[in-house]
Amino acid sequence: MKRLCGKCGQPILNDEKYTSYDKFSASAGGDTVHLHVECPPKPRLLARG
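All of the points below concern the structure found in this document.

Calculation notes
Residues numbered from 1 in each chain as written. Predicted model: local features only at pLDDT ≥ 70, side-chain atom pairs only at ≥ 80, totals over all residues. Heavy atoms only, no water. Disulfide = S-S within 2.5 Å. Buried < 20%, exposed > 50% of the residue type's maximum accessible area, 1.4 Å probe, protein only. Helix = DSSP H or I, 4+ residues; strand = E, 2+ residues; numbered from the N terminus. Lys, Arg positive; Asp, Glu negative; His and termini not counted. Salt bridge = Lys/Arg side-chain N within 4 Å of Asp/Glu carboxyl O. Polar contact = N/O pair within 3.5 Å; in protein donor to acceptor, adjacent residues only side chain to side chain. Contact = heavy atoms within 4.5 Å.

Structural notes on the state of the cysteines
Per the counting criterion, the structure on display carries 0 disulfides. Looking at Cys5, it has no disulfide partner, and the nearest cysteine sulfur is the one in Cys8, 3.8 Å off. The thiol of Cys39 is unpaired, and the distance to the nearest cysteine sulfur, on Cys8, comes to 3.7 Å. For Cys39, a relative accessible area of 27% translates into the label partly exposed.

Quick word on the side chain of Arg3
By secondary structure assignment, the location of Arg3 is in the segment before strand 1 (18–23). One buried charge, Arg3, has no salt-bridge partner; the nearest side chain with opposite charge is Glu16, at 8.1 Å. A distance of 3.5 Å separates polar atoms of two side chains, one belonging to Arg3 and the other to Tyr18. If we skip the residues at most four places from it in the chain, Arg3 touches Gln10, Pro11, Ile12, Asn14, Tyr18 and His34.

Okay, here's the thing in structure tokens:
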């Protein structure tokens, strides 16, 4: 199962620490949110020349 961080949107790798909590909604079902303990730096975008 691929987990994505709810803060940064990046995948959580097997060796990275994360926390999880359940989010409940009255109008829809629930979901489990995963958050990095410390988000990795965002990848840099390279400009095309």
